[in-house]
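Listed here are the chains, written in short residue letters.
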Amino acid sequence: MSALLEVDGLGVEFGLAAPPFRPQPRLHAVTDVSLTLDRGEIMGVVGESGSGKTTLGRAILRLQPPTSGTIRFDGERIDDLPNRRMGPVRRRMQAVFQDPTASLNPTMRVGEAVGEGLAVHRIGTHAERAERVGAMLERVGLPAAWADRYPRQLSGGQRQRVGIARALVMQPELLVADEAVSALDVSVQASIVNLLADLQAEMALALLFIAHDLDLVRHLCDRVLVLYLGRIMECGPTAEVFAHPRHPYTRALMLAVPRIAAVSRAGKPGLLPGEPPSPLDPPSGCVFRTRCPYAIDDCAKVVPPLEGGRHGAACIRQHEIQL
Amino acid sequence: MSATAAPVLDVRGLTLDFGDVRVLHGVDLHVYPGETLAVVGESGSGKSAASLAIMGLHDPRTARTGGAVVMEGAAGPQELLGLSPRALRAVRGREIAMIFQEPMTSLNPVQRVGTQIAEGLRLHRGLAGTALEGQVRESLREVGIPDPERRARAFPHELSGGMRQRVLIALALACNPRLLIADEPTTALDVTVQAQILDLLRRIQQARGMGLLFITHSMGVVAEIADRVAVMYGGRIVETAPAAQLFAHPRHPYTRALLGSLPEAAGDGPRRRLRTIPGSVIDLRNPPPGCAFQPRCDMPVALCAQMMPQLDPVAPARASRCHRWTEL
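Residues numbered from 1 in each chain as written. Chains lettered and ligands numbered in written order. Predicted model: local features only at pLDDT ≥ 70, side-chain atom pairs only at ≥ 80, totals over all residues.

## Brief notes about the overall build of chain A
Working step 1: Counting its regular elements, chain A contains 10 helices and 11 strands.
Working step 2: Relative to the globule expectation of 20 Å for 323 residues, the C-alpha radius of gyration of chain A, 21 Å, shows essentially globular dimensions.
Working step 3: Principal axes of the C-alpha set define a box for chain A whose edges measure 65 × 50 × 45 Å.
Working step 4: Residues classed as buried in chain A amount to 46% of the 323 residues present.
Working step 5: Taking as baseline every contact in chain A between residues at least 6 positions apart, the subset at least 24 positions apart corresponds to 66%. (Helix = DSSP H or I, 4+ residues; strand = E, 2+ residues; numbered from the N terminus. Rg over C-alpha atoms; globule rule 2.2 N^0.38 Å. Buried ≥ 20, exposed ≤ 12 C-beta atoms within 10 Å, placed from the backbone. Contact = placed C-beta atoms within 7 Å.)

Right under this line is the structure:
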């Protein structure tokens, strides 16, 4: 069986405004990213700001045209598909974003917002659509009668439930959740994560879960992809990656997460120095080498390939260093 | 943290009202020199409202504050509530400083960062000329900004988020305050940079013996930085305890539920369910009767809906606002 989503060598660059008489600067948001996602699988995408995780999600959804590489959805290439032929594909891939207040139209009632996709794609009659919307609202834990309410009458958590209902009422095969729970209070976050996990299992959804919260990714995802400055640093089954990280960056990210267990004060080992360099002018060779405690001269010479099969890391020293 | 010294900040029965909505219902807090008190809570808990009230930063036309906020200053204890704006300005910056979540909005975008740090030093410490320039460089160096001579001439937009937060810390600490109030100072930062900033705050605080009041929503950050913790819900402190004791054995159902809902608590292995807290965050305009947490609590009894529990002492330096804390 082929994977639902196959991304191969994906690159996304943004051209910035050029200063007079100089070449146009190019921002390398995503460089040479390859991944596959099966039906019913959850992949976490982690990385700091500027790592390209949001751009990757947008490119897969075709909200951002790629500059190189290919994207296949259910075996069909969609990266070069003209917009008019994207319609049927868009039905099958949906998204949930971070800020439920910004992603809902404040003048549209909840029912209209949830049913908008169905109406656009002319699915069912008006009555059938209303019925599906009501059922979906109940499924995400909201009363069907709330279809008449406006987003401002809802709390943040309830709005995010509407956002999830709006995406899943289309019965997509792929859901891209970009920081879908980051803006929520801890106590509300847990119930939204449970809801996403339940619906994902029920509908056998492929889920691309983009998040900066490593604990959540560890909790929810089958596999994890670690991005830094637009490139894959490490990729593999979540349990393996967290138990035995093979890239120094993954290790550093894990160490930086504030922990309740084993309260360690002062002199924390492996504190990463500095901040990611500018994506306008990424370092040669390995992009992480400028902050890496294990960097050697060779790291500046070649871009390390992602090696190791199912659990791969892009580090030329992965076999000699003890993490 | 010595028990004999007077607290650098002593807040008693702090109340805050916006019109007829009561946001703080009598909050008691104290911070000793060299101690870090973390105030933790969700949106609407009143944690930020309390820090702004302590600093006297609410608009007096819309907000009414009550209670007592006593600062142990250089010239002895001083009551801050009711001070004239002019007297308050002399305290702010010199005795108490504050840093916020988003450094970009706290810095003046059209002024070089060195100039902004110099302002407080000139105003509060009367420095000028080369002494002033030297102190500005020293302030930047202390917060780990490389090449301070050059960075002092930078504008805020030329710096990264982490660097801006360092500048803000330098600015807050320039006049050697006795108390630093930090309101979610690392929330907008990436985790690797957050770890650096927490480490920096910890080192500077220890070196100076400064009191630190740290406002956050993250229990992980609390564990990293706090000596003591005050958990807030619906404008009241519901539990207060030394950090290690709070995590080892929470004595309020809300604290227990908050800790239990973290992915860290769900244990290893994917697809375990997270424990949730039913209901949503409290509506301050329409608070429930009795205990504010009672509608979401997993162990309420009839009494909980009738009477707001007192903040009962549980152990030395520990208290819980729950009718049933003995059963926890």
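## What to know about the sheet that holds strand β1 (residues 5-15) of chain A
All names here are of chain A.
Working step 1: The four strands lie next to each other as β2-β1-β4-β5, forming an open sheet whose pairing is antiparallel. Each having just a single partner strand, β2 (26-37) and β5 (76-77) make up the two edges of the open sheet.
Working step 2: The pairing of β1 with β2 spans eight bridges and is antiparallel. Considered in β2, the bridge of F14 is made with L27. (Pairing = 2+ DSSP bridges.)

## Topic: the nonpolar core
Working step 1: Counting residues in hydrophobic clusters, the biggest one holds 188 residues, and the most contacted among them are F209 of chain A together with V222 and V229 of chain B.
Working step 2: Excluding anything up to four places from it in sequence, V229 of chain B contacts A38, V40, V222, T240, A241, A243 and L246 of chain B. (Core = buried A, V, L, I, M, F, W, Y, C linked by C-beta atoms within 7 Å.)

## Structural notes on the environment of I225 of chain B
All names here are of chain B.
Working step 1: Assignment of secondary structure puts I225 in helix α9 (residues 219-225).
Working step 2: Along the chain, I225 and F214 lie 11 residues apart, while their C-alpha atoms are 8.4 Å from each other.
Working step 3: Aside from chain neighbours lying at most four places away, what touches I225 is T36, A38, L198, L201, R202 and F214.

## Things to note about helix α7 (residues 161-173) of chain B
Residue and element names in this part refer to chain B.
Working step 1: Look at α7: 18 Å from first C-alpha to last across 13 residues, which is about the 18 Å you get at 1.5 Å a residue.
Working step 2: Residues G162, M163, R164, Q165, R166, V167, L168, I169, A170, L171, A172 and L173 constitute the buried set of α7.
Working step 3: Where the residues of α7 are buried, they touch β6 (96-99), α3 (103-106), α4 (113-125), α5 (129-142), β7 (179-183) and α8 (191-208). (Expected span 1.5 Å × (residues − 1).)

## Looking at the packing of α7 of chain B against α8 of chain B
Residues and elements named next belong to chain B.
Working step 1: The N-to-C vectors of α7 and α8 enclose an angle of 15°; their axes lie 10 Å apart at closest approach. For the element pair α7 / α8, the angle class is roughly parallel. As α7 runs across α8, the sense of the crossing is right-handed. The segment α7 lies against α8, with G161, G162, Q165, I169 and L173 engaging V193, Q196, I197, L200 and I204.
Working step 2: Tallied by class, the residues present in the contact of α7 with α8 amount to six nonpolar, four polar and no charged. (Axes fitted to C-alpha atoms, helices over the stretch in contact; angles between N-to-C directions. Parallel < 35°, antiparallel > 145°, perpendicular 65-115°, else oblique. Left-handed = near helix turned anticlockwise from the far one by under 90°. Nonpolar A, V, L, I, M, F, W, Y, C, P; charged D, E, K, R; others polar.)

## As for the environment of V140 of chain A
All names here are of chain A.
Working step 1: Relative to the assigned elements, V140 resides in the loop between α5 (126-139) and α6 (156-168).
Working step 2: For V140, a count of 22 C-beta atoms within 10 Å translates into the label buried.
Working step 3: As for V140 and G111, which are separated by 29 residues in sequence, their C-alpha atoms are 13 Å apart.
Working step 4: Filtering out sequence-adjacent residues up to four positions away, V140 remains in contact with R161, I164, A165 and L195.

## Side note on the sheet that holds strand β9 (residues 228-233) of chain B
Pairing between the strands of a sheet comes from backbone hydrogen bonds, and it takes one of two forms, parallel or antiparallel.
Residue and element names in this part refer to chain B.
Working step 1: Reading across the sheet, the eight strands line up as β6-β7-β8-β3-β9-β10-β12-β11 and stay open at both edges, with mixed pairing between neighbours. The outermost strands of the open sheet, each flanked by one partner alone, are β6 and β11 (312-315). Each strand axis lies, on average, 25° off the axis of its neighbour in the sheet, ignoring direction.
Working step 2: Here strand β3 (residues 36-40) runs beside β9; their pairing, made up of four bridges, is parallel. By the bridge assignment, V40 is partnered in β9 with V231.
Working step 3: Relative to β6, α7 is tilted by about 170°, and along the sheet it contacts β6 and β7.

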